[in-house]
Amino acid sequence: MRAGRLVADLQVAGRVEAGFTAEPGEVLAVIGPNGAGKSSLLHAIAGLVDATGRARLGDTDLLALPVRERRVGLVFQGQLLFPHLTALDNVAFGLRARGASRAESEAVARDWLERFGIADLAGRRPRELSGGQAQRVAIARALATGPDVLLLDEPFTGLDVSVQMALRMELGRHLRDFPGVALLVTHDAIDALTLADRVLVLDGGRVAQVGPPAEVAAEPRTSHVARLVGLNLVADGDTLLAFPPDAVVVSLQEPEGSTRLRWRGPIATLAPHGDAVRLMVHASPDLLADLTPAAATELGLVPGREVWLSTKATAVSRYPARR
Amino acid sequence: MRAGRLVADLQVAGRVEAGFTAEPGEVLAVIGPNGAGKSSLLHAIAGLVDATGRARLGDTDLLALPVRERRVGLVFQGQLLFPHLTALDNVAFGLRARGASRAESEAVARDWLERFGIADLAGRRPRELSGGQAQRVAIARALATGPDVLLLDEPFTGLDVSVQMALRMELGRHLRDFPGVALLVTHDAIDALTLADRVLVLDGGRVAQVGPPAEVAAEPRTSHVARLVGLNLVADGDTLLAFPPDAVVVSLQEPEGSTRLRWRGPIATLAPHGDAVRLMVHASPDLLADLTPAAATELGLVPGREVWLSTKATAVSRYPARR
Amino acid sequence: MRDRLGRPPALLVLPAVLATLLLLVPLVAMVASTSWQDLPGHLTSRTALDALRISLVTSTVAIAACLLLGLPLAWLLARVDFRGRGALRALVTVPLVLPPVVAGVALRSAFGRTGLVGEPLLAWTGFAFPFTTWGVVLAHVFVSMPFVVIAIEGALRSADPRYDAAAATLGATRWTTFRRVTVPLALPGVVAGTVLGWARSLGEFGATITFNGNYPGTTQTMPTLIYVTRQSDQDAALSLSLLMLLVSIGVLIALRDHWLGTP
Amino acid sequence: MRDRLGRPPALLVLPAVLATLLLLVPLVAMVASTSWQDLPGHLTSRTALDALRISLVTSTVAIAACLLLGLPLAWLLARVDFRGRGALRALVTVPLVLPPVVAGVALRSAFGRTGLVGEPLLAWTGFAFPFTTWGVVLAHVFVSMPFVVIAIEGALRSADPRYDAAAATLGATRWTTFRRVTVPLALPGVVAGTVLGWARSLGEFGATITFNGNYPGTTQTMPTLIYVTRQSDQDAALSLSLLMLLVSIGVLIALRDHWLGTP
Amino acid sequence: GGEGGAGAHGELTVLAAASLTDVFEELATPFESEHGVDVRFSFGSSTDLAEQVADGAPGDVLATADEASMSLAEDAGAAREAVTFATNVLTIVVPEGNPAGIASLADLADATWVRCADEAPCGKVAQAVLEAEGVTAEPVSLEEDVRATLDKVLSGEADAGLVYATDAVAAADDVDAVEIPGADEVPTSYLAATLEQSEHPELAADWLAWVTSEEGRTILHDAGFGTP
Ligand SMILES: Nc1ncnc2c1ncn2[C@@H]1O[C@H](COP(=O)(O)OP(=O)(O)OP(=O)(O)O)[C@@H](O)[C@H]1O
Ligand SMILES: Nc1ncnc2c1ncn2[C@@H]1O[C@H](COP(=O)(O)OP(=O)(O)OP(=O)(O)O)[C@@H](O)[C@H]1O
Ligand SMILES: [Mg+2]
Ligand SMILES: [Mg+2]
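In this text the structure is predicted, and so the values were computed from the model without any measurement.

A. The overall build of chain A, seen in detail. For chain A, the helix and strand inventory stands at nine helices and 18 strands. Expressed as a percentage of the 323 residues in chain A, the buried residues total 56%. For chain A, the exposed area adds up to about 12900 Å²; of that, 49% sits on carbon and sulfur atoms. Side-chain charges in chain A split into 35 positive and 37 negative, and the spacing between the mean points of these groups amounts to 4 Å.

Here's what the structure looks like:
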């Protein structure tokens, strides 16, 4: 096992260009909008796309190694389970490829299926599995070989809530003991905040922010992260302003006072959100506002209606927009 | 356009066995755990698996028709975009197949891509798209033909928050005007609660519950739905008891009083949830409990520790477990 | 996705090199023992040019017919469940194992002037296949069709049938699906089948000469010309073979470039 | 996923039926004009049985060799990017267009007693290919290899290469990947290539007789026996062909069942 | 006279055994200029040609290398009465310089040698000759026809082969011939006949007359053929 610090600075032409380091044992969540380059980054580390730059794991230069010697465990976004092999054989594949005996591999594979609650489906081909069942097989397949680096590309997609919760637990336990580096791509704030030690935010192929989950959640630098953690984000010159939707006041007339923190625009949507009603308003930028159902009815809010939004300066956190 | 009531009672051997009706214009959310038979149900309606039973759309017997004449728009769980066609051609495919001219089809397809924010990717092959971009193409492809029945199998998987929000809006708008029946498979409570007129709950291949979202959310009949809407669900003979995690009291000693509403078990996980700490306890069944971080620290709660849970009878809603 | 997966292993490269040598050495040896100076002579000889033209035309027409008829048959075998599919697949294989001369005899029993089909055909239309260029095409189609069908069926069965289902949900008829999804997805296999069929038909000799004779200008193809020339002049025969090789390589390379972008 | 997609359209069924008829009618006509009562006679004739045995053995050994060498070559052409790939692919196609007799001549120039490789081979080991059963195998391999390689390459290229990448991330060498992922995924195409190659080799006549001659018990295969028999006894030749057909159909059906489960 | 036969624009089609390729082409040149017509050949194996003629192959004259094939065509009623226009005898050919030192049929015993298959016309002759000479040596190969037999010697694969004298003459540059005493006891005959389907019966008859004429025989003789 080559546990070690992962120091990467990788470029995939036209897709991603990102530098970061990750300590052994660390779980790094990779978040960002669609097309930000998350999968490309993982594939570059795994060696599946041509990348330039550097990627060192401890003393090893990953870029100089062919895919199979990089010892990564990759959960593909599209699963890519071998269609001609059973669930069991899919999971056992990596072990057998690394030289374990058939009996041994199958025992380990069966154990993983068991852990993921699909032991009874061991004999099925991928085509005979439901989407969520197949996803579990895909995760098991990547973990079973005991890789040095774990690359999980949206591992929880298609899983039902209980399985997601169970798997998050299972994976959390696994990752806590895991001596290597793990990269977890996700669109879910909970994953990023609960499973990760640090969060790497990609935007347009570049690193927009790196930091502990709490910091990223509190001071998001991209509108994507702000939306993910449910904050409004407004740029004011070199300063960013973040504030929660329930700190936004909605009114039909221009609010009084000299605050610069006011915006105007038509209501785009209006939907229940917990006990509140959540508005999305097409101001520049789009802003969220929560208010009580009673207030919403009273104001006669309907999609399309122009409203004013304002917020108290005290509810706003301000921080520089530096990179 | 054959808008009409969808009356279905379909069996796919070993996979699903479900009867339901849906009025024209109605959006029916289909929820249930992995392997519950959601995709199988959609495929049976589309004609992609051998199904027995009945399926009438207005006056038309769907089962008697070959796939292409059923005029369904299906978003596959695995996308299945044509790998040899560009995004534009993928979306235009259905229109051309139904006889539109090339120019016309492409114009409509371009319009759909525009709406989904991926017009600039029109010339890319599926393999050159990110997962979320491809998913948007898949949705556009299904909607573009103007089908009589819409079958959306987890359409929002892999989409980032803002796109999800935008698409939910876009789709919501589309569905509001849509005169046909729409079935929406989802693992996300928000989709089920905000987009659907009614919710169909599948469990183990059978219909467990049908009803308006609010009703299903308030009185869930399966542990899956309870988990989905964040409730604890306990069976008491023929009666079901539902209560929220924040109504659960955690203690180290057996709680006093004569309430039957108490359980005991080891803590499985412990994770931040909003401002609270959420516990999952392996009682029978598994139960969730929210408490303040302060309380959690004070009680010295760690995974593995045995705790008692109880809840006030007033916080519990009781309802019969009939089908 | 190429060498990133690791260097091709000796276990695969070695046999591949051996295979290449096995194919290369005889060609080199043959070319080495051929007199290149005859080549220009053939290029101006009426007989050689006629034969070359007939060869190219008949194989091209034949492969077009093979695709027109064989592609649907391959599709039927790969995608449609019907009674007797196994038997039909076996039937398609049969002409493969016929020695070409026997294939010629079989063709004659069917399409000869007194054949099962040939006799009524002659009676009604006055047309008979044997000894005409159409007869050559017919012989080529008969011997090449199995290659085309079997190679393409194999490729179609490797391709994912779920795309067909996706096309159907989008309202495509089976015909549209065939044209716009199934065949494009299996294109490399279809091209392979076409190349095999065309080449088989270009090299075809036994069935053609048995069924159609060897009339310069109408039924004499390159292989039959080579056969006749070999009777008197070994060297000329070899250099005719060389001419044919060069032309066919040219055609194949052009085709590949055209169909598949970079080769 | 079969007829749910709609009935197969006439546009596809009609050509397929035509293709079937085209293949079927000559066979029926031939079988009809063959004397079945000779068949048992051949089954007890030493010459016929010898020829049948040699045919089956040499084609089977040849197809084994073709797979052993050709499958790696097909893989190399389909999956590995290297300089000269286009040229190599063209080279593989060349023997396809050689008329069989010319193929025999080419083989002789290489492996004959005075051939490029044959002469040193004879000098060192005292062994020469011509007139031996090994020579027959060599000829079969030479003519069948291109069919095997091209058909399989087509199938490999239709299969999704991302599975190879997935296998590599799981630690599989290219060899393991080849064996456990690439080939199984393209199995229908590999089987098709094998069938084509075996059948081609079973029906092979020109190259074999040119390179190896024709001697009962060592180099006389069914096609050569049929050919020489035809010169004196047409009916016997046809009924020998029939025997060969029946045997090869039997083998093919058995193979398919064994390899592919239900046919 | 130059303007005879079927007219200046006619075309004569001759179906002939492959072993006649060279000599018939030589015979055609004077015939063409004399009759002002084109002579077109379709060469093939005698059996094939006979069968084709029986099946109505277009043509005016059929020339076969044996009697059996001709009778096949005659039995089918496609050929009119045949005439024997040439004969051929068997000879031994060896590669240039005779590396194996073959001087007679008896020397074949230790050599790698080839002959035609029993079923082929040349094989029947070979069988008869060998039997007459009491030779029991086994060849390494029974070739499909005389051309293939010669081919094995030409290429050096065989030390000797039994072929027709005409083949030895045609390949004289590359092979040496060793005459077989007594071979003329078992000659083979070349037959020619005009065809029922002939569109130019007179011209066809002229061709027959030409090959059997004195001049024709000379040309045949130069090519190594005997005359009946
Ligand atoms: N093979 C390719 N060729 C060219 N461009 C590509 C290719 N694959 C992806 N891209 C582009 O590169 C960018 C990054 O893609 P990537 O798949 O890394 O995004 P992602 O962050 O994983 O997005 P998602 O959340 O949607 O999965 C996208 O704009 C995508 O369109
Ligand atoms: N082709 C098949 N053959 C046999 N069983 C199958 C096949 N496809 C699916 N199944 C089984 O049928 C059940 C229902 O599958 P289905 O795909 O409908 O589930 P689902 O509700 O869509 O699940 P998910 O949320 O994971 O997508 C599952 O148990 C699955 O394993
Ligand atoms: Mg991605
Ligand atoms: Mg599903």
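Further notes follow.
B. Broad picture of the coordination of the magnesium ion (ligand 4). All names here are of chain B. Donor atoms from the polypeptide that bind the magnesium ion (ligand 4) are S39 (OG) and Q77 (OE1), placed at 1.9 to 2.2 Å. Placement of the pair is S39 in helix α1 (residues 38-46) and Q77 in the loop between β6 (72-75) and α2 (87-97), with a sequence separation of 38 residues. For Q77, a relative accessible area of 27% puts it in the partly exposed group.

C. Molecular detail of the nonpolar core. Counting residues in each nonpolar core, the largest one holds 160 residues, and the members touching the most others are M145 of chain C together with M145 of chain D. Look past the residues within four positions of M145 of chain D in its chain and what remains in contact with it is A19, L22 and L23 of chain C together with C66, L69, G70 and H140 of chain D. Formed by 70 residues, the second largest nonpolar core is a distinct cluster that contains Y227 of chain C together with F24, V94 and L105 of chain E.

D. The arrangement of the interface of chain D and chain B in detail. The interface is formed by seven residues belonging to chain D together with seven residues belonging to chain B. Where chain D meets chain B, there are one salt bridge. Of the charged contacts in the structure, one is a salt bridge between D160 of chain D and R127 of chain B, with a shortest N-O distance of 3.9 Å. Inspection of the region where chain D meets chain B yields zero residue pairs in polar contact (both at pLDDT 80 or more).

E. A look at helix α4 (residues 85-97) of chain C. Along α4 of chain C, 11 of the 13 residues are buried, which leaves the element largely enclosed by surrounding structure. Taken residue by residue, α4 of chain C has R85, L88, R89, A90, L91, V92, T93, V94, P95, L96 and V97 of chain C as its buried positions.

F. Looking closely at the sheet that holds strand β14 (residues 262-273) of chain B. Residues and elements named next belong to chain B. What the five strands build is an open sheet, ordered β13-β17-β14-β15-β16; its pairing is antiparallel. In the strand order of this sheet, the two ends are held by β13 (248-251) and β16 (287-291), each with one partner. With direction set aside, neighbouring strand axes in the sheet form an average angle of 45 degrees.

G. Layout of the site of ligand 2. Within the structure, ligand 2 sits among 20 residues, and R124, S130 and G132 of chain A together with S39 and S40 of chain B are positioned closest to it. This site is not confined to one chain, since residues near ligand 2 come from chains A and B. Between an oxygen atom of ligand 2 and a main-chain N or O atom of G37 of chain B, the distance comes to 2.9 Å. Here H187 of chain B contributes a side-chain N or O atom positioned 3.0 Å from an oxygen atom of ligand 2. In isolation ligand 2 offers 630 Å² of accessible surface; the protein chains occlude 86% of this area. Secondary-structure elements contributing two or more residues to the shell around ligand 2 are α4 (131-144) of chain A together with α1 of chain B. Among the residues making up the shell around ligand 2, the classes are represented as three nonpolar, 11 polar and six charged.

H. Region of the structure containing empty space enclosed by the protein. What the rule picks out here adds up to 12 cavities of 30 Å³ or more. Computed from the structure, the largest cavity encloses a volume of approximately 630 Å³. F205 of chain C together with P100, V101, F205 and G206 of chain D are the residues nearest the centre of the largest cavity, which is lined by 46 residues in total. Of all the elements, helix α12 (residues 222-232) of chain C adds the most residues to the lining of the largest cavity, at five residues. Looking at the lining of the largest cavity residue by residue, the class counts come to 28 nonpolar, seven polar and 11 charged.

I. Local environment of the interface of chain D and chain C. The interface of chain D with chain C comprises 107 residues on the first partner and 107 residues on the second. Across the interface of chain D and chain C, roughly 9200 Å² is buried in total on both sides, 80% from carbon and sulfur atoms. Between the two partners, chain D and chain C, sit zero salt bridges. Taken together, the links from chain D to chain C amount to zero residue pairs in polar contact (both at pLDDT 80 or more). Among the elements that make up the side of chain D that touches chain C, the one with the highest residue count is helix α1 (residues 10-32) of chain D (17 residues). For the side of chain D that touches chain C, the per-class residue count stands at 81 nonpolar, 12 polar and 14 charged.

J. How the structure looks around the packing of helix α3 (residues 46-79) of chain C against α12 of chain C. It is the contact of α3 of chain C with α12 of chain C, at a shortest axis distance of 8 Å, that shows an interaxial angle of 145 degrees. Where α3 of chain C approaches α12 of chain C, its residues T47, A48, A51, L52 and S55 of chain C are matched on the opposing element by M222, P223 and L225 of chain C.

K. Looking closely at unusual backbone geometry. Even without a glycine there, the phi angle at E154 of chain A is positive, about 45 degrees. Summarising the element assignment, E154 of chain A is placed in the loop between β7 (149-153) and α5 (161-177). Unusually for a residue other than glycine, N98 of chain E sits at a positive phi of about 45 degrees. Positionally, N98 of chain E belongs in the loop between β5 (90-95) and β6 (113-116). We classify N98 of chain E as buried; its relative accessible area is 18%.

L. Looking closely at the site of ligand 1. Every one of the 20 residues lining ligand 1 counts as a neighbour, but S39 and S40 of chain A together with R124, S130 and G132 of chain B are closest to it. Ligand 1 sits at a junction of chains, with neighbouring residues supplied by chains A and B. Take N34 of chain A: an N or O atom from its side chain is 3.0 Å from an oxygen atom of ligand 1. Separating an oxygen atom of ligand 1 from a backbone N or O atom of G132 of chain B is a distance of 2.6 Å. Calculation on ligand 1 without its partners gives an accessible area of 640 Å², and the protein chains cover 86% of this total. When residues of the shell around ligand 1 are traced back to their parent elements, those giving at least two are α1 (38-46) of chain A together with α4 (131-144) of chain B.

M. Looking closely at the sheet that holds strand β11 (residues 232-236) of chain A. Residues and elements named next belong to chain A. Strands sit in the order β11-β12-β18 across an open sheet of three strands; the sheet is antiparallel. The open sheet is flanked by β11 and β18 (317-320), the only strands paired with a single partner. The average undirected angle you get between the axes of adjacent strands in this sheet is 25 degrees. Where strand β12 (residues 239-243) meets β18, four bridges bridge the pair, whose relative direction is antiparallel. Bridge pairing in β18 links L241 to R318.

N. Geometry of the packing of aromatic side chains. Applying the stated rule across the entire model yields 28 aromatic pairs over all chains. Geometrically, the ring pair formed by W75 of chain C and F178 of chain C is edge-to-face, given 6.0 Å between the ring centres and 80 degrees between the ring planes. Of this pair, W75 of chain C sits in helix α3 while F178 of chain C is found in helix α9 (residues 174-185), placing the two residues 103 residues apart along the sequence. Seen in terms of ring centroids, F111 of chain D and F129 of chain D are 5.8 Å apart; in terms of plane orientation they differ by 80 degrees. Their pairing is edge-to-face. Here F129 of chain D lies in the loop between α6 (118-125) and α7 (133-158) and F111 of chain D lies in helix α5 (residues 100-111), a separation of 18 residues in the sequence. As far as the burial class goes, F111 of chain D and F129 of chain D line up, both buried. Here a set of aromatic residues connected by ring pairs shows up, and it is made of F24, F31, F41, F43, F85, Y190, W207 and F225 of chain E. The positively charged end of R141 of chain B is found above the aromatic ring belonging to F82 of chain B, 4.9 Å away from the centroid. The ring centre of F156 of chain B lies 5.2 Å from the NZ or CZ of R168 of chain B, which sits over that ring.

How each quantity is defined
- Residues numbered from 1 in each chain as written.
- Chains lettered and ligands numbered in written order.
- Predicted model: local features only at pLDDT ≥ 70, side-chain atom pairs only at ≥ 80, totals over all residues.
- Heavy atoms only, no water.
- Helix = DSSP H or I, 4+ residues; strand = E, 2+ residues; numbered from the N terminus.
- Buried < 20%, exposed > 50% of the residue type's maximum accessible area, 1.4 Å probe, protein only.
- Areas by Shrake-Rupley, 256 points an atom, 1.4 Å probe, with all protein chains shown as cover.
- Lys, Arg positive; Asp, Glu negative; His and termini not counted.
- Charge placed at Lys NZ, Arg CZ, Asp CG, Glu CD.
- Donors = N, O, S within 2.8 Å, 3.2 Å for Na, K, Ca; no water.
- Core = buried A, V, L, I, M, F, W, Y, C linked by side-chain atoms within 4.5 Å.
- Contact = heavy atoms within 4.5 Å.
- Salt bridge = Lys/Arg side-chain N within 4 Å of Asp/Glu carboxyl O.
- Polar contact = N/O pair within 3.5 Å; in protein donor to acceptor, adjacent residues only side chain to side chain.
- Pairing = 2+ DSSP bridges.
- Axes fitted to C-alpha atoms, helices over the stretch in contact; angles between N-to-C directions.
- Near = heavy atom within 4 Å.
- Nonpolar A, V, L, I, M, F, W, Y, C, P; charged D, E, K, R; others polar.
- 1 Å grid on protein atoms, 1.4 Å probe; cavity = no way out; pocket = protein on both sides within 12 Å on 5 of 7 lines; lining within 4 Å.
- Points joined across faces, edges and corners; volume = space filled by probe spheres on them.
- Buried area = accessible area lost by both parts, 1.4 Å probe.
- Phe/Tyr/Trp six-rings, centres within 6.5 Å; stacked < 30°, edge-to-face > 60°.
- Lys NZ or Arg CZ within 6 Å of the ring centre and 35° of its normal.

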